[in-house]
Every structure is written in structure tokens, then in C-alpha cells.
Amino acid sequence: MPPLDGNVGMLSLIAFAMVATFMALIMTKRVSALVALILVPTVFALLAGFHLGLGDMMMKGVKELAPTGVMLVFAILYFGLMIDVGLFDPLIKLIVRLVHGDPVRILVGTAILALAVSLDGDGATTYMITTAAMLPLYRHLRMDVRMLACIVIMSGGVMNILPWGGPTARVISVLKLDAGTIFVPLILPMVATALWVLFVAYRFGLQERARLAALPVEAIDEDASAATILTQDNESHVEACRPRLIWVNFALTAGLMVALVMGLLPLAVLFMLAFAVAMTINFPSLSAQRERLSAHAGNALAVGGLIFAAGIFTGILSGTKMVDAMAATVTANIPPVLGPYLAPITALLSAVFTFFISNDAFYFGMLPILSESGAHYGITPAQMGRAALMGQQIHLLSPLVASTYLLVGFVGIELGEHQRFTLKWAFGSFVVFFLASLLLGVFPFYSTP
């Protein structure tokens, strides 16, 4: 591979330092993710001499993420409204009857529910539905909500590989392959990884069972009614509940899900329309509408602010060409002696780079170069494409993934706390997915022309 010139090398060094500084600040709780996403890239861009045009870069990044931000804001408002009116109450009551206050059943049930809902390929929908159904139960039983967030995002990581998910679609398009060629060999490794998620959920359940057993008897009521669980965290739940409209709200939500899958309209528009219709049907008076908006404005603003702040980060990363410099540095520094191992190297790189940079930057920027290099050693584009998907088990923990802010916002924990708790278990998913893929011949460990 050609050597790097000095400018690219220096820009790459600055970029890696910027990412490292950002991660250190949020994981050590020095600053909030919102502040770090704005200030860290701005400072490093100025230090690198990009004062001219910096505002344009920022605005471009914000504009690119604006549809996602709008979608998440209205998705929060919509599903918050559906929780208020009692759409998920029957599901929660059923879960309460089935689990009998047992943390093991609750956590394994969380994993099964999240894996099932994730079949639609949309992380935001998975997080909202799963947390809406399970979070009241976790809070009432005083279970660790970090475990809920961990299991849900790990389940999303498994299903993120589906052909209608973003990463696989990018690989298919950039390598000009069909979906079956890429995806079918990955099915069994995905099953193995899903079993790992269920194992982690079971382990968490045993841990919580032991911890809760040590609490005073009065600290937890395992036989509490579903009504208590549904109302304990939201005093206005009973007042806002609309049991007579449950089938209307169910039909509206089902129609929304169908429209999302079919792509009838942009996601942001669909959620805006669904929210407006739901608000009009359930709360026709202006005062009631204002009350419901006020109840969920905090969550919506927090998530929306983080998305637009992430636009600053990605805008600077792309506009200054730091992403290109990072990619060039990595590909240029893979020595020829490691060429036969390029498939597993690509898998490892995907775990790192899809965490620190966007999926677009990795799959459209780095993968074509890696795939072309792999061809010299007899590694097919399909094998390289599958290897490049290994990192998706860790990718959803990235601070650049919009839906992750939705999850931590719903659960009520900081992003850094979520990353610290979940990263080792998500890395376990990566290891399982990686080893299962190697053993099943999804991509070669060593290849020669």
C-alpha cells in the first residue's frame, strides 16, 4: 500500500487524539456527552487550522442528522403518549403474571422480546417498545436498569445484521453483491450470538436474584399487582389512560409499523403524522394536549439535543477529512506479511472503526480498499464483506449512533455509564460472532492467492 504524506499523517494523528479525548471525557464523567460532542471537535478543528469554513462543516453535519433528530423527537412523543393511554398495559400485565417477580425470567424475557422486536431492523423502535414494556417492572422490583439497556442493545446488535438493516445494505451496495450471498452464511453465527445474549441475560438474572434476596423484605414486593407497577412511576397514568380507545391506538400503532417497514413516507414524517393523529384522538382538548406535551418534552429535548450535537461531531470529522485520514493511516500501515490474514484483520478493524466513526465512513470509505487488497490474497469480496459486519456487535455503543441516546434517555442513565457497563458483554458478542463465523467458514482466517 502507498505510504502516507506528512499532512495526512498529522491530520490522522489529530483525529485519533480527538476521538480518544472525547471518549475519555464522557466515560470518566468529566463532561456530558452533549457538551463533549460540541466542544471537543470544535477545539481540535481549530487547533488543526480549520477555522475557515468550520461553521459550514458544522451546519452540514447538523442538516444531515436533522431528519433522524426529528424522527426520534416525535417517536419519543408518540410512544410516550401510547404508554400514557395504556396501549402497553395488557402486555405488561401478561409479563407480570409470567415472571412472578423472578429476575431470571424478567431478564431472559427481556432478551427474547428485544430479539423479536428487532426483526424489523429499526433500533429506535426496538428500544421504545422493549423499554416501554419492561422498564416499569425493573423499577418496581428495584432491578439494575443498566442490565435492561445492556440486553436490549446487545439484542439489537445481533439483528442489525439483517439484510434490511443499514450495515448489511451498505456492504451489499458498495461491493455490488446480492443480499443472499452476504447474509445467508451469517445466519448460524447470528443464532450463536443470540444464544450468547440469552446466556448473559440468564447470568444477570441470577446475579439480580441473589442481590434482591439480600434486601430487607419490605424493600421489594414481588407479588405487587400489575396496576401498581403501571402507575408507580407515573402518577398521571390512570388519568391519561384511555382503555376504551385501546383497539384504536393498537390499529394506529400497527399501521405505523407497517408504514415504517414499507417505507411509505420518510420516518420523521410518519412519526409526526402518527403523533398528531394520536394526540387528536386521545386528547381532543387543548389543555390536555399541553399537559401531555409537557410530560414528555424533557425526554424529547434531551435526545433531540444529543442528535444535533452529534451532527457537529460528524460534520467536523467529515468536513476536515479526518475520517479519510484515519482510514488511509490504517490501510497504509497493514504490512504485506499480514495480507493473508486480511479477513480477520478487517473484522477487528470493523469493531474499532464502526465505534469511532460512522458506518458510512467505514463501509464506503475503508471497505472498498480493504476488499481490493484482499483480492490479491484470494479473499473474495463476499468474504471481506461478511468480515466487515463483525463489528456491528459493538457499533451500537458508539456515541455517533443516534438511537443509543434514545435508549439511555428512556432508561435514565448516562451514555458513559451505559458504555462502561455494556462494553465487555458486547465485546463477548463480537468474540462469539467472530469465532462462530471462522468455524463455519464464513470468511477465512488465512488465505493465499
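Look a little higher up for the structure.
Residues numbered from 1 in each chain as written. Predicted model: local features only at pLDDT ≥ 70, side-chain atom pairs only at ≥ 80, totals over all residues. Heavy atoms only, no water.

Attention now moves to the overall build of the chain. When helices and strands are counted, the chain shows 22 helices and 0 strands. On C-alpha atoms alone, the chain measures out to a radius of gyration of 23 Å, which is about the 22 Å that the 2.2 N^0.38 rule sets for 449 residues. Taken over the C-alpha atoms alone, the chain extends approximately 65 × 50 × 45 Å along its principal axes. Here the chain holds 449 residues, and the buried ones make up 53% of them. By sequence separation, contacts in the chain at least 24 residues apart represent 82% of the contacts at least 6 residues apart. Of the roughly 19100 Å² that the chain leaves accessible, carbon and sulfur atoms contribute 68%. Of the charged side chains in the chain, 23 are positive and 24 negative; the average position of the first set lies 1 Å away from that of the second. (Helix = DSSP H or I, 4+ residues; strand = E, 2+ residues; numbered from the N terminus. Rg over C-alpha atoms; globule rule 2.2 N^0.38 Å. Buried < 20%, exposed > 50% of the residue type's maximum accessible area, 1.4 Å probe, protein only. Contact = heavy atoms within 4.5 Å. Areas by Shrake-Rupley, 256 points an atom, 1.4 Å probe, with all protein chains shown as cover. Lys, Arg positive; Asp, Glu negative; His and termini not counted. Charge placed at Lys NZ, Arg CZ, Asp CG, Glu CD.)

Next up on the list: the packing of helix α17 (residues 342-356) against helix α19 (residues 381-388). Their axes nearest at 7 Å, the elements α17 and α19 cross at an angle of 30 degrees. It follows from the interaxial angle that α17 and α19 lie roughly parallel. Judged by the twist between their axes, the crossing of α17 over α19 is right-handed. Contact with α17, carried on its side by Leu342, Ala343, Thr346, Ala347 and Ser350, involves Met384, Ala387 and Ala388 of α19 and no other residues of that element. Of the residues that constitute the contact of α17 with α19, the class distribution is 6 nonpolar, 2 polar and no charged. (Axes fitted to C-alpha atoms, helices over the stretch in contact; angles between N-to-C directions. Parallel < 35°, antiparallel > 145°, perpendicular 65-115°, else oblique. Left-handed = near helix turned anticlockwise from the far one by under 90°. Nonpolar A, V, L, I, M, F, W, Y, C, P; charged D, E, K, R; others polar.)

With that settled, the discussion passes to the environment of Ile151. Looking at the secondary structure, you find Ile151 in helix α7 (residues 145-159). Residue class for Ile151 comes out buried when judged on its relative accessible area of 0%. In the structure, Ile151 is positioned 45 residues away from Ile106 in sequence and 11 Å away in space, judged by C-alpha atoms.

Tyr78, Met134, Phe204 and Phe271 are the most contacted members of the largest nonpolar core, which has 145 residues in total. Setting aside residues no more than four positions away along its own chain, Met134 makes contact with Ile95, Ile106, Thr110, Leu113 and Leu148. Among the nonpolar cores identified, the runner-up in size contains 7 residues, and Ala45, Met57, Met58 and Ile316 belong to it. (Core = buried A, V, L, I, M, F, W, Y, C linked by side-chain atoms within 4.5 Å.)

Next up on the list: the environment of Arg211. Structurally, Arg211 is set in helix α10 (residues 187-213). Sequence separation between Arg211 and Met143 is 68 residues; the distance between their C-alpha atoms is 9.0 Å. Not counting residues within four places of it along the chain, the set of residues in contact with Arg211 comprises Arg142, Met143 and Asp144. A polar side-chain atom of Arg211 sits 2.8 Å from a polar atom in the side chain of Glu208. (Polar contact = N/O pair within 3.5 Å; in protein donor to acceptor, adjacent residues only side chain to side chain.)

It is worth spelling out the side chain of Thr404 at this point. Within the fold, Thr404 resides in helix α21 (residues 402-411). One polar contact links the side chain of Thr404 to the main-chain carbonyl oxygen of Leu396, over a distance of 2.4 Å. Apart from the residues lying within four places of it in its own chain, the contact partners of Thr404 are Tyr127, Ile153, Leu396, Ser398, Leu415 and His418.

The next thing to look at is unusual backbone geometry. Phi angles above zero are rare outside glycine, and Arg142 is one such case at about 60 degrees. Inspection of the secondary structure assignment puts Arg142 in the loop between α6 (123-140) and α7. For Arg142, a relative accessible area of 49% gives the class partly exposed. Phi at Lys321 is positive, roughly 65 degrees, even though this residue is not glycine. Relative to the helices and strands, Lys321 is located in the loop between α15 (286-319) and α16 (322-332).

These figures come from the coordinates and say nothing about function on their own.
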